[in-house]
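Take a look at the letters that make up each chain.
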Amino acid sequence: LAELLHKEGRKTLLVDLDFSQKREQRNLSGLLSFLEGKVQEPTVISKAYGAYLPLGGSSVFGDELLKSKTFSDFINKTKHHYDVVLLALPQKAKD
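Predicted, not measured: the structure shown is a model, and the values here were computed from it.

Draft legend 1. Quick look at the pattern of salt bridges. Here the structure, examined in full by the defined rule, presents 5 salt bridges. As a salt-bridge pair, lysine 38 and glutamate 36 come within 3.1 Å of each other at their nearest N and O atoms. For glutamate 36, a relative accessible area of 37% gives the class partly exposed. For glutamate 41, the salt bridge identified is with lysine 77, shortest N-O distance 3.0 Å. Taken together, the residues span a long stretch of sequence, with glutamate 41 in the loop between α2 (31–35) and β2 (45–47) and lysine 77 in helix α4 (residues 69–78) at a distance of 36 residues. For glutamate 41, a relative accessible area of 46% gives the class partly exposed. By relative accessible area, which is 42% here, lysine 77 ends up partly exposed.

As structure tokens, this is what we get:
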């Protein structure tokens, strides 16, 4: 979807919100570091489909972080810089 929107000329940001996955991105100052107050701005990476905001790690407190004022303020600020902000959530496990 991000690639299609980017090809249509829309400035797109894809935000990784899969807190459950262990990531090799631990050293990136991604969204997790920002929400935990470790960095002032998360690192946004330029990709072929637009901009990508990596999570930068994993946390058992993902739900709490997404309910925070910090996340809400970040999304409100971010949507003024992009035409589309896509939130990439984890797939639910099948029962």
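Draft legend 2. Local environment of α4. Taken residue by residue, α4 has Phe71, Phe74, Ile75 and Thr78 as its buried positions. One face of α4 carries all of its buried residues, which in axial projection span an arc of 95 degrees.

Draft legend 3. View of the sheet that holds β2. Pairing is mixed across the open sheet formed by 4 strands, whose spatial order is β2-β3-β1-β4. Looking at strand neighbours, the two that pair on one side only are β2 and β4 (84–88), the edges of this open sheet. Direction aside, neighbouring strands of the sheet carry axes that sit 30 degrees apart on average. Examined bridge by bridge, strand β1 (residues 12–16) and strand β3 (residues 50–53) share 3 bridges and lie parallel to one another. Bridge pairing in β3 links leucine 13 to alanine 51.

Draft legend 4. Region of interest: the side chain of serine 33. Checked against the element boundaries, serine 33 lands in helix α2. If we ignore the near neighbours within four places in the chain, the residues touching serine 33 are Leu28, Lys38 and Val39.

Draft legend 5. View of the packing of aromatic side chains. Applying the stated criterion across every chain, the model contains 1 aromatic pair. With a centroid separation of 5.3 Å and an interplanar angle of 55 degrees, the aromatic rings of phenylalanine 34 and phenylalanine 74 are classed as tilted. One end of the pair, phenylalanine 34, is in helix α2; the other, phenylalanine 74, is in helix α4, and 40 residues separate them in sequence. When sorted by exposure, phenylalanine 34 lands in the same class as phenylalanine 74, which is buried. Lying across the ring of tyrosine 82, lysine 11 places its NZ or CZ 5.2 Å from the centre.

Cut-offs and rules
- Residues numbered from 1 in each chain as written.
- Predicted model: local features only at pLDDT ≥ 70, side-chain atom pairs only at ≥ 80, totals over all residues.
- Heavy atoms only, no water.
- Salt bridge = Lys/Arg side-chain N within 4 Å of Asp/Glu carboxyl O.
- Buried < 20%, exposed > 50% of the residue type's maximum accessible area, 1.4 Å probe, protein only.
- Helix = DSSP H or I, 4+ residues; strand = E, 2+ residues; numbered from the N terminus.
- Arc of directions from axis to C-beta.
- Pairing = 2+ DSSP bridges.
- Axes fitted to C-alpha atoms, helices over the stretch in contact; angles between N-to-C directions.
- Contact = heavy atoms within 4.5 Å.
- Phe/Tyr/Trp six-rings, centres within 6.5 Å; stacked < 30°, edge-to-face > 60°.
- Lys NZ or Arg CZ within 6 Å of the ring centre and 35° of its normal.

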